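# Working through the structure, step by step
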Amino acid sequence: MKDAASVSSWPVIHRWRLDAAAGRRYAALSGDYNPIHLWGWSAKLFGFSKPIIQGMETVARCEAALARLVGAAHEKPWQMSVRFIKPVSLPAQAVLHASSQQFAVMANDTLCLAGTFTSL
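Below, the structure is looked at part by part. (Residues numbered from 1 in each chain as written. Predicted model: local features only at pLDDT ≥ 70, side-chain atom pairs only at ≥ 80, totals over all residues. Heavy atoms only, no water.)

Summed over all chains, the structure comprises two aromatic pairs. Centroid distance Trp 78 to Phe 117: 6.5 Å. Interplanar angle 85 degrees. Geometry classified as edge-to-face. Within this pair, whereas Trp 78 is found in strand β2 (residues 78-84), its partner Phe 117 is found in strand β5 (residues 110-119), the two being separated by 39 residues in sequence. Trp 78 sits in the partly exposed class, given a relative accessible area of 21%. When the centroid spacing of 6.3 Å and the interplanar angle of 50 degrees are considered together, the rings of Phe 103 and Phe 117 count as tilted. Taken together, the positions of Phe 103 in strand β4 (residues 102-107) and Phe 117 in strand β5 put the pair 14 residues apart, joining distant regions of the chain. In this pair, the class of Phe 103 matches that of Phe 117, namely buried. Among the aromatic side chains, those forming a connected cluster through ring pairs are Trp 78, Phe 103 and Phe 117. When the ring centre of Trp 39 is taken as reference, the NZ or CZ atom of Arg 24 above it lies at 3.6 Å. (Phe/Tyr/Trp six-rings, centres within 6.5 Å; stacked < 30°, edge-to-face > 60°. Helix = DSSP H or I, 4+ residues; strand = E, 2+ residues; numbered from the N terminus. Buried < 20%, exposed > 50% of the residue type's maximum accessible area, 1.4 Å probe, protein only. Lys NZ or Arg CZ within 6 Å of the ring centre and 35° of its normal.)

See the structure below:
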């Protein structure tokens, strides 16, 4: 896997902001009410300095952005694999980078997620 410095040199595919309430909004949508996603005080009870966004929220944003990228070049099904590296602490500025068939998410200047995508 690439390090944060090399990933940040890849093209930016998508950017998004996550405010401190993003975890609560996604919990209402997904039903994932794990306390690490909801409030600063509840996240601290589990060893986090701040609430973190649900991993699948980040994966869904990657999938949507990469689908546009892959769809422009391919008309067949595709797949992606993901590896979580560090949690995305809220609030955050997240950036999806991609190069060839690799992608990564940097949030608050930290490499948080990485993966690959390819046509089937």
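Let us look at the pairing of β4. Burial analysis of β4 places five of its six residues in the buried class, which makes it a mostly covered element. Direction of pairing for strand β3 (residues 92-99) relative to β4: antiparallel, over a ladder of six bridges. What sits directly across from Ala 94, in β4, is Ala 107. Counting the residues that bridge the hairpin from β3 to β4 gives two residues, and of these Ser 100 lies at a positive phi of roughly 55 degrees. In this sheet, β5 lies alongside β4 in antiparallel orientation, the contact comprising six bridges. Residue Phe 103 lies in a different strand from β5, and its bridge partner there is Gly 115. Hairpin connection between β4 and β5: a loop of two residues separates the two successive antiparallel strands, and Asn 108 in this loop has a positive phi of roughly 50 degrees. (Pairing = 2+ DSSP bridges.)

Distances and angles like these do not, on their own, reveal function.
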